Structure formats: C-alpha cells, structure tokens
Amino acid sequence: MTSEGGVTEPADFSESWMDVFEKCGYKSSNLETEFRSKSPLPPIFNKSYPILSEVGFRIGAIREAFEECGLLLAQDFPFRDLSKHQLSEWQHAVHKDGSQFLKMFQELGGCPAIRSLYEWTTWLTPAHRLARRFDTAFFITFMDKIPPIIVDNKEIVDIKALTPQETLKQFGRQTLHLPPPQIYELGRLLNFDSYEDLEKFARERNKKGMEQLFPTVIMASDGVITTLPGDDLYPEEPDYNGEGEPIVTPETMEELRRQVKNLHRMEMKPGNDVNIIINISPRYCHVAPNVNSMKLLKNKL
C-alpha cells in the first residue's frame, strides 16, 4: 500500500488518453460502466472534464507517484526493455512537464493501471487553517512487494515502508508529522487484521461512494476541534470559502462534547495529542477509524 499525494494537471484529463487505453483493451464506451459510481459524486468528481473524472484523477495519482518516487503503476508497459537510467529520464521529464506522462505511454506502449486504484474518500482543507487549500481524492492500491524506488530528491528525499500502527506510533512520539486526514485514514486501516482483509474490503467497497470530509474548526479553550459531517455541531451550511470568522468559545472540548448526542470530530492539543471521536455510522459502506486501537497505541508510547 502506498501513501502518495500531488496536484492534478490538465493533461491528466486529456482526451488523448482514450487512444492509449483502447490499445490496452479498454473501450471508451465501457469506462463509465466500469468506473462511475452509482452513489452521488463528491464535488471534486462532479465537474465537467474532457474524460471521465474517475479516470482522470486515477491518472493524476499514478503520475504523481511516478514523478516523485519512480513508482509506476502500469499495465502492458515494457519495463524489461527500459534501463533504470531510461526510466529515471522519463521521471525527470514528467516532473518538469506533466504532459510527458501521456507522451511516455504514447511512445512506449501500455497504460496507467487505473484498475489497481480503489476509491477511498475525499477531503477538503478547512477554510480557516491554511492559506493553501486542497480538494483531494484519496485512493488506495496494493502491491505484492515493495517495488524499486527512484526518489526525486525534491519533494521526496527518503521512503520507508511502515505499518499503520508504526506510523501512528511515530506520530505520537513526535518523530513524524501527519496532517489530520492522514491520521484519520490510518485509523480506518487499524480495523483490518491482515493486508488481504484490507484489499478485499477496498475491492468490494469500490464504487459505493466517496464522502467529502470537510472539517469545520472550533477553537475551544483547551484545544482545537474539527467537526465532520454527521456531528451535531457540524453546520447545516458549511463555510466552504472561509467568508465567516472562525468559531471561538471559552468552553473546553469536553464541555462541548457533553452537549451533543452525535459525535464525529477530531480533538487536537499541542504535542501531537489527537483524539478521534465518532459514534455515527460512516456513509457509503465505509469503516470508522478504530478509536480503541488508536488509544491503545497512544498508551503504549
């Protein structure tokens, strides 16, 4: 499983990708049947693109993984005919110009392995927390072994393979920085006893829907709360553009928690002290973060 992120490029949604996929056996008329979810689309997908949004975002995710760490998820691609140096040259070219990813497949053959990415969820950065915000689709993928890696020494300087448990332990020890979405999603992974169980769940849940998780911020007297959809303090009309003022209250996080019945929030204090509190059922057949396992990890630090 890989954790990777990046920004989409216009070339990820180019109609020219359809010719590339057709050479790999995809029919453009069947892409919607295979990849379009029957559930309501989250805002990031529900826009007009030259190609199916579910395909374009998968291309973008695969491209970013390749340009930043040389990890290429592809099918029918002539890996054996390319030296590490040649692959590295393509990686640098794609890093400079995202449209070179399309050109690489046009010249060499094969196509991005879009079937290997399963839908997971989407997150939108809180309106009042950061100057730079992202509307992000999360996918999950699986590999039998750790592939060769070529770090770009720009956005990525080192790569380590860690279990969700070890990743959260390092965060708790303050030796690793994790943004709130990654903490939340790692908490979901703690529900699965094996790699195979997680892969089976992701494959069966694919296309059942992706909820947009847009945290809204409350500044309590003893920390920061980000409420999520379903929480009783979550606004009926969230301030997506940050036009209003942040909510500031003299009450503590515990006092605010006791006032409501339905809870879906993250409570954060200095020193990487983060608690996820959820007593509602996630939408679209997803799993909630395993809060009990996260507490056990925290106690063992």
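Residues numbered from 1 in each chain as written. Predicted model: local features only at pLDDT ≥ 70, side-chain atom pairs only at ≥ 80, totals over all residues. Heavy atoms only, no water.

A.B. asks: Can you explain the overall build of the protein chain? Please cite residues and give values.
C.D. replies: When helices and strands are counted, the protein chain shows 10 helices and 10 strands. In summary, the protein chain has a C-alpha radius of gyration of 20 Å against a globular reference of 19 Å for 301 residues, a match within 12%. A principal-axis box enclosing the C-alpha atoms of the protein chain has dimensions of 60 × 40 × 35 Å. In the protein chain, once contacts between residues fewer than 6 apart in sequence are set aside, the share between residues at least 24 apart is 70%. If you sum the accessible surface of the protein chain, you get close to 16,200 Å²; carbon and sulfur atoms cover 49% of it. Put simply, the protein chain has 35 plus and 44 minus side-chain charges, and the middle of one group is 4 Å from the middle of the other. (Helix = DSSP H or I, 4+ residues; strand = E, 2+ residues; numbered from the N terminus. Rg over C-alpha atoms; globule rule 2.2 N^0.38 Å. Contact = heavy atoms within 4.5 Å. Areas by Shrake-Rupley, 256 points an atom, 1.4 Å probe, with all protein chains shown as cover. Lys, Arg positive; Asp, Glu negative; His and termini not counted. Charge placed at Lys NZ, Arg CZ, Asp CG, Glu CD.)

A.B. asks: Help me get a handle on helix α10 (residues 291-299), residues and values and all.
C.D. replies: Taken residue by residue, α10 has V291, M294 and L297 as its buried positions. Each buried residue of α10 lies within a common arc of 120 degrees when the element is viewed along its axis, so the set occupies one face. Among the exposed residues of α10, those pointing more than 90 degrees away from its buried face are N292 and N299. Where α10 is buried, its residues contact α6 (164-172), α7 (180-189) and β10 (273-278). (Buried < 20%, exposed > 50% of the residue type's maximum accessible area, 1.4 Å probe, protein only. Arc of directions from axis to C-beta.)

A.B. asks: Can you explain the side chain of T227? Please cite residues and give values.
C.D. replies: With respect to the element layout, T227 can be found in strand β7 (residues 223-227). Not counting residues within four places of it along the chain, the set of residues in contact with T227 comprises F214, P215, T216, I218, L233, Y234, P235, H264 and R265.

A.B. asks: Please set out the nonpolar core residue by residue, giving values where relevant.
C.D. replies: Core analysis: the largest hydrophobic core is formed by 41 residues, its most contacted members being W17, F21, V55 and F101. Within the residue set of this core, elements represented by two or more residues are α1 (17-23), α2 (28-35), α3 (53-69), α4 (84-96), α5 (100-108) and β4 (135-140). Of the residues forming this core, the biggest block, seven residues, is contributed by α3. Discounting residues that sit within four places of it in the chain, F101 has contacts with W17, I59, I62, R63, F66, L72, V94 and P112. (Core = buried A, V, L, I, M, F, W, Y, C linked by side-chain atoms within 4.5 Å.)

A.B. asks: Please set out the pairing of β10 residue by residue, giving values where relevant.
C.D. replies: In this structure, strand β9 (residues 264-269) lies alongside β10, joined through six bridges in antiparallel fashion. Paired with E267 across the bridge in β10 is N275. Hairpin geometry of β9 and β10 is characterised by an intervening segment of three residues between the two adjacent antiparallel strands and by a positive phi of about 85 degrees at G271. (Pairing = 2+ DSSP bridges.)

A.B. asks: I'd love a proper account of unusual backbone geometry, names of residues and values included.
C.D. replies: One non-glycine residue, Y284, adopts positive backbone phi at about 60 degrees. Here Y284 lies in the loop between β10 and α10. In this structure, C285 takes a positive phi of about 60 degrees despite not being glycine. As for its placement among the helices and strands, C285 is situated in the loop between β10 and α10.

A.B. asks: Which residues make up the packing of α4 against α5, and what values go with them?
C.D. replies: With their axes 8 Å apart at the nearest point, α4 and α5 run at an angle of 145 degrees to one another. Contact residues: α4 offers W90, A93 and V94, while α5 offers Q100, F101, K103, M104, E107 and L108. (Axes fitted to C-alpha atoms, helices over the stretch in contact; angles between N-to-C directions.)

A.B. asks: With reference to specific residues and values, describe the pattern of salt bridges.
C.D. replies: Considering all chains together, one arrives at 13 salt bridges under this definition. E54 serves as the salt-bridge partner of R36, at 2.7 Å between the closest nitrogen and oxygen. In this pair, R36 is assigned in the loop between α2 and α3 and E54 in helix α3, connecting sequence segments 18 residues apart. Note on E54: relative accessible area 0%, which makes it buried. One continuous salt-bridge network, built from bridges that share partners, spans D12, R63, E64 and E67. (Salt bridge = Lys/Arg side-chain N within 4 Å of Asp/Glu carboxyl O.)

A.B. asks: Can you break down the sheet that holds strand β3 (residues 118-124) residue by residue, with the values?
C.D. replies: Taken together, three strands build an open sheet; the order of strands is β4-β3-β5 and the sheet is mixed. Pairing within the sheet leaves two strands with one partner each, and these edge strands are β4 and β5 (212-213). Summarising the sheet, β3 and β5 pair through two bridges and their orientation is parallel. Across the sheet, T122 pairs through a bridge with Q212, a residue of β5. Packed onto the sheet, helix α8 (residues 195-205) meets β3 and β4 and runs at close to 80 degrees relative to β3.

All quantities given are derived from atomic positions and should not be read as evidence of function.
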